[in-house]
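Chain by chain, the residues:
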Amino acid sequence: MYVCICRAVTDRDVAKAIDAGAETVQEVTRACRAGGDCGACRGQIEEMIAERSPCEGLRLVQLPVRVRAA
Ligand code: FES
């Protein structure tokens, strides 16, 4: 599937760039040119970076707090 229509870059190309170490949209653009024109795809690139980050799957969990009566 094309992520960046302007530069004809697919989701596989973007994923490859991220897996190779691109951590920002600018770095993805440098690696595979996605996002280097109109910018309409930059949000999707950001989502892909977040999804593929090593911390994905880790979520903050709010634990219940017990309050003791004085
Ligand atoms: S769709 Fe990616 S720069 Fe335009």
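Residues numbered from 1 in each chain as written. Predicted model: local features only at pLDDT ≥ 70, side-chain atom pairs only at ≥ 80, totals over all residues. Heavy atoms only, no water.

K.L.:
Help me out: how do you make sense of helix H1 (residues 11-19) in this one?
P.N.:
Quick reminder: α-helices carry 3.6 residues per turn. Residues three or four places apart thus point the same way. Among the residues making up H1, those that are buried are Val14, Ala15, Ala17 and Ile18. Buried residues of H1, seen end-on, are gathered within an arc of 160° and therefore sit on one face of the element. Facing away from the buried surface of H1 by more than 90 degrees, the exposed residues are Arg12, Lys16 and Asp19. Each element contacted by the buried residues of H1 is listed here: strand S1 (2-4), strand S2 (9-10), helix H2 (25-32) and helix H3 (42-52). Phi for Gly21, located one or two positions after H1, is positive at around 125°. (Buried < 20%, exposed > 50% of the residue type's maximum accessible area, 1.4 Å probe, protein only. Helix = DSSP H or I, 4+ residues; strand = E, 2+ residues; numbered from the N terminus. Arc of directions from axis to C-beta. Contact = heavy atoms within 4.5 Å.)

K.L.:
How do you make sense of the packing of H1 against H3 when you look at a structure like this?
P.N.:
Helix packing geometry: the angle between the two helix axes and the distance between the axes. In contact at an axis separation of 10 Å, H1 and H3 are set at 50° when each is read in the N-to-C sense. Taken together, H1 and H3 sit at an angle that is classed as oblique. The interaxial crossing formed by H1 with H3 has right-handed handedness. Residues Asp11, Val14, Ala15, Ile18 and Asp19 of H1 form the contact with H3, whose own contacting residues are Ile45, Met48, Ile49 and Arg52. Grouping the constituent residues of the contact of H1 with H3 by class yields six nonpolar, no polar and three charged. (Axes fitted to C-alpha atoms, helices over the stretch in contact; angles between N-to-C directions. Parallel < 35°, antiparallel > 145°, perpendicular 65-115°, else oblique. Left-handed = near helix turned anticlockwise from the far one by under 90°. Nonpolar A, V, L, I, M, F, W, Y, C, P; charged D, E, K, R; others polar.)

Interpretation note: all reported values are geometric properties and have no functional meaning in isolation.
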